[in-house]
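# Analysis of the macromolecular model
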Amino acid sequence: MLEKGKIIRHNQVGTDLYEIELAAGAIVREAQPGQFIHLRVGDAYDPLLRRPLSIYDVDAEKGTMEILYRVVGKGTKLLTQLTAGEELDLMGPLGAGFSIAEGINKVCLIGGGVGIAPLVFLARRLRSKNVELCFLQGTRTRAQIVAEQRLQAWSVDHYIATQDGSCGYHGMVTDLLTDENIMQGVQFIYTCGPEPMMKAVQAWACQHHIQGELSLEEYMACGIGACLGCARKLHSQDEFYVKICKDGPVFGLHEVELYEGRTGS
Amino acid sequence: MLEKGKIIRHNQVGTDLYEIELAAGAIVREAQPGQFIHLRVGDAYDPLLRRPLSIYDVDAEKGTMEILYRVVGKGTKLLTQLTAGEELDLMGPLGAGFSIAEGINKVCLIGGGVGIAPLVFLARRLRSKNVELCFLQGTRTRAQIVAEQRLQAWSVDHYIATQDGSCGYHGMVTDLLTDENIMQGVQFIYTCGPEPMMKAVQAWACQHHIQGELSLEEYMACGIGACLGCARKLHSQDEFYVKICKDGPVFGLHEVELYEGRTGS
Amino acid sequence: MTQAYPSPDLSVNLGGIQMANPVAVASGTFGYGQEYEKFVDIAAIGALIVKGTTLTARPGNPNPRIVETPAGMLNAIGLENPGVDVFLDEYLPYLHAKNVTVIANIAGNSIEEYAALAARLEGQEGIAGIELNISCPNVKQGGLQFGTDPDTVYQVVKTVKGETGLPVLPKLSPNVTDIVAIARAAEAAGADALSMINTLMGMAISVQERQPVLANVFGGLSGPAIKPVALRMVYQVYQEVGIPILGGGGIMCCEDALEFIMAGATAVSIGTGNFVHPRLALDIVQGISDYMQAHEIEHLQAIKGCAVR
Amino acid sequence: MTQAYPSPDLSVNLGGIQMANPVAVASGTFGYGQEYEKFVDIAAIGALIVKGTTLTARPGNPNPRIVETPAGMLNAIGLENPGVDVFLDEYLPYLHAKNVTVIANIAGNSIEEYAALAARLEGQEGIAGIELNISCPNVKQGGLQFGTDPDTVYQVVKTVKGETGLPVLPKLSPNVTDIVAIARAAEAAGADALSMINTLMGMAISVQERQPVLANVFGGLSGPAIKPVALRMVYQVYQEVGIPILGGGGIMCCEDALEFIMAGATAVSIGTGNFVHPRLALDIVQGISDYMQAHEIEHLQAIKGCAVR
Ligand SMILES: Cc1cc2nc3c(=O)[nH]c(=O)nc-3n(C[C@H](O)[C@H](O)[C@H](O)COP(=O)(O)OP(=O)(O)OC[C@H]3O[C@@H](n4cnc5c(N)ncnc54)[C@H](O)[C@@H]3O)c2cc1C
Ligand SMILES: Cc1cc2nc3c(=O)[nH]c(=O)nc-3n(C[C@H](O)[C@H](O)[C@H](O)COP(=O)(O)OP(=O)(O)OC[C@H]3O[C@@H](n4cnc5c(N)ncnc54)[C@H](O)[C@@H]3O)c2cc1C
Ligand SMILES: Cc1cc2nc3c(=O)[nH]c(=O)nc-3n(C[C@H](O)[C@H](O)[C@H](O)COP(=O)(O)O)c2cc1C
Ligand SMILES: Cc1cc2nc3c(=O)[nH]c(=O)nc-3n(C[C@H](O)[C@H](O)[C@H](O)COP(=O)(O)O)c2cc1C
Ligand code: FES
Ligand code: FES
């Protein structure tokens with residue numbers, strides 16, 4: 001769907017982190033957790049391509065959605081300049097989102113950095129189905145922690161790990177997986193964040209025979225499976241490539257070969 | 001000179017017409033009427049080149065200058081989005097401005113459209129030297145008339161012509177040249193605006209043996225005479241080209257062959 | 001827009017391909033159409049040039065395959081496609097049923113492969129024409145592209161013309177010293193029209209990783225960045241050949257499309273622009289129609305090549 | 001920036017041209033230096049390549065001569081210049097007195113003209129090297145550019161080398177099918193280094209006026225739009241020739257410059273970027289210095305060509 005989303009609110013929520021709330025009724029009606037929107041920043045040809053951003057949260061009644069983004073390059077830098085009242089050109093909701101398995105009572109969500117974005121919308125949905133959940137959020141430092149209030153409002157067990165120890169557990173968020181008090185009873189895992197982090201989650205889940213899902217990233221042009229640009233092999237020995245934008249971004253946790261460094265090729 | 005000019009005020013003053021007031025002390029100290037600044041709109045590579053804009057007015061005490069611009073393309077459209085507090089990357093003051101001849105008591109300034117921009121700064125300077133002046137401003141319609149208040153504050157005789165008759169004289173501003181009440185005693189003419197307008201001014205001045213100066217435009221890249229891009233022959237039979245940015249933008253009124261349509265080549 | 005003037009006739013004949021309007025979507029940028037159906041009425045597009053097809057399935061290149069550049073992008077998809085049989089069995093019937101004007105795009109590593117592909121498409125219902133992607137490495141001639149040597153271009157076009165009754169459009173590579181010589185060779189071999197241009201060969205380097213961004217090292221540059229080059233080539237070729245030109249490269253708006261038409265293109269193709277605005281092709285059709293009405297132009301023929309001096 | 005590491009050595013030797021740092025400003029984009037003196041210390045620039053010089057004065061092309069394009073610009077200046085004698089008498093002494101590292105850029109319509117120009121520059125104080133602009137039409141060969149045919153490139157370079165003891169850098173045109181063949185020809189003829197790339201040939205059309213924007217119809221495309229093409233060519237040529245490369249085309253920031261160095265350039269040139277940021281060359285020098293310190297690189301040699309696979 002193509003929609004002009006009017007900016008209702010745009011504010012900084014952490015170091016290099018911003019939230020935008022958008023009126024986008026048609027997209028909101030269809031949006032599923034894990035899906036993304038593909039948005040155009042400005043009218044000029046630099047930057048040229050749309051930018052994919054996860055749907056961070058929705059308010060179905062108000063017909064609004066939110067995105068949470070981190071400033072990394074020219075597109076996101078330009079984005080920070082937009083103010084309430086302006087419109088963003090959106091395509092969405094795109095991609096295959098998280099599946100919500102029936103009969104699961106407790107799940108664990110693990111997000112690293114801005115990777116928590118799709119997990120927040122997922123948390124809302126899971127809580128609405130009364131699934132119990134623990135939400136592990138890892139950041140470099142305290143000023144990058146977001147979504148605390150909404151997670152609290154939904155009675156989500158929210159655990160924080162910071163690499164500099166400025167808040168919560170001092171260390172990698174994946175260390176929390178070994179904490180039995182947290183993980184007790186977890187039947188399914190959802191994760192999104194840097195690949196090395198997800199790789200640690202995958203290893204832990206494999207060892208504990210727990211299923212799950214993760215969300216991947218790749219450079220995108222079309223966002224809908226037409227350009228074949230966002231290709232990736234799920235396993236390095238595969239012959240064919242999946243398309244992150246269409247076959248994903250969400251894949252089975254044990255379906256994907258993850259990498260420590262640069263996305264393998 | 002290179003200077004970051006902080007935007008102090010930015011407001012719409014007419015149909016597609018905007019004023020920006022900038023703190024740019026170093027440029028203001030050197031600025032002469034008829035000179036221009038060359039400014040960068042945004043950080044991206046589209047638009048890529050700087051845009052030349054005349055110095056519309058200065059406040060030497062405050063160290064501020066103003067520009068008056070009309071929205072015509074992508075650069076000026078982007079410019080409208082900037083707000084007070086932001087900075088503009090400026091080069092200037094550039095070019096050869098108007099000369100202010102000694103011993104002249106009354107002059108006429110004729111501007112068409114946004115071409116009045118350099119004439120307003122010139123009017124300020126001339127009035128500070130107690131030169132009497134009549135300022136003829138031509139626009140398409142009433143909503144494009146600007147600078148009324150400042151001209152009044154400087155006790156300038158301000159005559160307006162609109163093509164649709166919505167204000168002042170109904171017709172071309174150059175028709176006012178035939179009004180003896182206005183032109184009585186004029187010893188020198190300054191003009192800036194569309195070439196056909198300036199051509200009519202030139203013809204009248206020639207007939208009446210009055211000297212003057214005009215300001216030309218050409219696409220610009222460097223703005224300082226290095227790229228040889230803003231070339232133009234003063235007369236079609238000339239062998240060599242002048243550079244508008246360095247040899248001009250101001251030239252003698254009778255020195256230039258003007259065109260009815262597209263800039264000749 | 002006042003309706004003072006009758007609705008203009010937008011149809012064009014591109015070397016035997018009858019298009020309802022002069023706007024095509026370029027190969028590799030619109031998949032097999034289905035991907036864009038949510039966003040646009042694909043049957044209303046002048047012609048849909050499908051993703052490049054090879055004799056057998058190709059997995060394509062390793063990732064990263066694309067990267068943005070100033071006002072452009074590089075791609076090294078590596079002709080990922082399911083092979084001609086799957087195209088004919090699974091994709092074409094759907095497009096045909098929808099009444100889409102389909103132009104197939106074929107790519108081979110040898111003249112024999114081009115011939116076999118053309119023969120395979122012959123007689124298939126729902127194909128309006130064949131675009132020959134001759135920017136692939138010619139394995140028989142040590143990897144130099146087919147599209148960079150006039151003699152090879154002549155041979156490929158001639159061979160394909162012998163295998164099919166469909167209109168044939170060689171797609172010219174801009175990575176050549178003399179585009180006119182290539183165009184002339186294609187015309188002499190019997191090409192019905194020319195498609196131009198394909199991407200410029202470029203690359204990007206990641207300073208952080210100290211290696212090329214694309215796994216394939218080199219990629220094809222497309223988008224507004226290349227428009228001046230594409231336009232120049234259409235302008236040059238239009239003056240030297242008699243067959244119609246499908247012009248494109250960086251078209252992002254109606255004005256861009258009109259530039260190509262004024263340079264001599266009979267129709268235009270939209271590539272990268274589709275990614276930015278999924279409805280761009282039809283917006284441009286509308287824009288051209290409005291322009292024609294405003295300027296009382298009955299048929300594009302009236303302005304085709306009008307900028308040529 | 002901590003000073004943990006000693007100040008890096010930025011000097012490079014470009015085929016016999018000793019540069020204090022690896023950043024040159026490109027011919028035609030920096031005039032004769034004086035224009036930029038108000039903005040930047042021109043003696044601190046690695047090398048100042050002056051506006052292209054011909055045997056006699058040239059008025060240049062009619063206007064409009066330039067037009068902006070997406071992330072780029074087209075220019076058709078037409079080599080306006082006062083001729084080699086005026087250059088030597090009026091501009092060079094000033095630059096020499098200021099201790100600027102000057103590279104002359106010469107352009108001719110025939111091999112004889114190149115030879116005469118090189119001979120005229122021979123023995124002049126204050127010229128560090130000669131850049132050969134071989135993108136001019138070869139009048140003897142019917143207007144085809146010198147730079148597009150390896151044999152002609154060989155002849156021009158060989159002839160010029162016979163006339164001068166100064167380092168000679170042919171400036172390669174990107175408008176060719178096989179840039180490596182051209183580079184090899186230049187090397188074989190004795191070129192001391194290669195300058196690459198000149199502009200891509202392009203055009204723009206004014207839809208409103210239904211005619212080309214540039215009075216000259218065609219112009220040279222420069223700026224960030226062409227960077228991917230320029231970088232690819234440097235990367236290709238670096239692997240095939242032994243002489244150093246002055247790389248450029250669309251460099252707008254330090255990272256762009258590092259991309260060229262990692263692709264194999266010994267030094268870089270800034271063209272269009274000067275118009276956008278008059279201090280760009282020196283900002284890039286500073287940026288490279290900072291990068292080297294941060295990464296403990298003693299000399300650029302350590303990363304030259306490091307991205308080449
Ligand atoms: C399905 C999906 C969902 C995403 N959701 C979010 C989100 O909710 N919040 C958020 O902040 N970011 C998200 N991203 C990443 C986001 O798209 C990029 O950070 C953004 O496009 C960068 O644009 P830029 O112009 O600022 O940076 P650029 O200047 O384009 O690039 C800066 C750097 O960002 C990286 N980058 C650029 N594009 C991508 C990309 N598509 N994928 C991965 N890395 C990229 C590159 O390493 C590049 O060097 C998501 C990406 C995908 C594919
Ligand atoms: C010395 C000088 C002083 C000027 N002073 C003013 C001023 O005070 N106020 C003002 O509003 N404008 C002024 N202009 C014109 C102004 O520079 C252009 O309108 C502006 O650069 C257009 O930029 P854009 O990106 O909006 O338009 P673009 O998208 O670049 O172009 C839109 C159209 O504007 C025209 N244009 C673009 N650049 C120029 C140019 N340099 N000269 C003439 N036409 C151009 C072209 O016809 C083009 O089709 C001046 C120009 C010069 C050379
Ligand atoms: C992602 C992508 C994939 C492409 N795939 C093909 C292809 O399979 N066959 C082909 O002939 N051209 C292919 N092209 C080239 C386009 O069809 C088009 O010629 C080129 O992109 C220039 O037009 P543009 O600037 O409008 O994109 C591809 C281009 C892109 C960007
Ligand atoms: C306005 C202009 C004038 C130029 N004049 C010359 C010239 O006289 N001789 C020459 O060899 N190159 C000339 N060039 C080419 C530049 O030196 C440079 O090679 C080219 O612009 C690519 O670099 P860039 O993208 O950094 O500008 C000119 C370029 C521009 C933009
Ligand atoms: S972004 Fe085009 S296929 Fe995924
Ligand atoms: S704009 Fe460069 S010489 Fe005038």
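Let us look at the structure shown here. (Residues numbered from 1 in each chain as written. Chains lettered and ligands numbered in written order. Predicted model: local features only at pLDDT ≥ 70, side-chain atom pairs only at ≥ 80, totals over all residues. Heavy atoms only, no water.)

## A short note on the nonpolar core
Grouped together as the largest cluster of nonpolar side chains are 294 residues, with contacts concentrated most on I189 of chain A, I189 of chain B, I288 of chain C together with I288 of chain D. In contact with I189 of chain B, other than residues within four places in its own chain, are C108, I110, M183, V201, W204, A205, I210, Q211, G212, E213 and L253 of chain B. (Core = buried A, V, L, I, M, F, W, Y, C linked by side-chain atoms within 4.5 Å. Buried < 20%, exposed > 50% of the residue type's maximum accessible area, 1.4 Å probe, protein only. Contact = heavy atoms within 4.5 Å.)

## Description of the interface of chain C and chain D
Many descriptions give the size of an interface as the accessible area lost when the pieces come together. If you look at the interface, chain C gives 43 residues, while chain D gives 43 residues. On the chain C side of the contact with chain D, V207, R210 and R309 of chain C bury the most area, a combined 19% of that side's loss. Between the two partners, chain C and chain D, sit zero salt bridges. Counting across the interface, chain C meets chain D through 13 residue pairs in polar contact (both at pLDDT 80 or more). For the side of chain C that touches chain D, the elements supplying multiple residues, two or more each, are β11 (200-202), β13 (211-212), α5 (227-238) and α6 (254-262) of chain C. Sorting elements by how many residues they give to the side of chain C that touches chain D places α5 of chain C first, with six residues. For the side of chain C that touches chain D, the per-class residue count stands at 30 nonpolar, eight polar and five charged. (Buried area = accessible area lost by both parts, 1.4 Å probe. Salt bridge = Lys/Arg side-chain N within 4 Å of Asp/Glu carboxyl O. Polar contact = N/O pair within 3.5 Å; in protein donor to acceptor, adjacent residues only side chain to side chain. Helix = DSSP H or I, 4+ residues; strand = E, 2+ residues; numbered from the N terminus. Nonpolar A, V, L, I, M, F, W, Y, C, P; charged D, E, K, R; others polar.)

## Here we look at the sheet that holds strand β9 (residues 132-139) of chain A
Residues and elements named next belong to chain A. In spatial order, the strands read β11-β10-β9-β8-β12-β13-β16; together these seven strands make up an open sheet with mixed pairing. Each edge of the sheet is formed by a strand with only one pairing partner; in this case those strands are β11 (169-170) and β16 (250-252). When strand β12 (residues 188-192) meets strand β13 (residues 211-215), the two strands line up parallel, connected through five bridges. In the sheet register, I189 faces β13, and the bridge partner there is G212. (Pairing = 2+ DSSP bridges.)

## So, empty space enclosed by the protein
Overall, the coordinates contain two cavities of 30 Å³ or more when judged by the stated rule. In this structure, the largest cavity occupies an estimated 100 Å³ of space. Considering the residues around the largest cavity, the lining is formed by 15 residues, among which P174 and N175 of chain C together with P174, N175 and V176 of chain D are closest to the centre. Residue assignment for the lining of the largest cavity shows that the elements contributing at least two residues are α5 of chain C together with α5 (227-238) of chain D. Among the residues making up the lining of the largest cavity, the classes are represented as 10 nonpolar, three polar and two charged. Of the volumes computed, that of the second largest cavity is approximately 30 Å³. What lines the second largest cavity is I100, A101, I104, V107, L126, V131, F188 and Y190 of chain A. Residue composition of the lining of the second largest cavity, by class: eight nonpolar, no polar and no charged. (1 Å grid on protein atoms, 1.4 Å probe; cavity = no way out; pocket = protein on both sides within 12 Å on 5 of 7 lines; lining within 4 Å. Points joined across faces, edges and corners; volume = space filled by probe spheres on them.)

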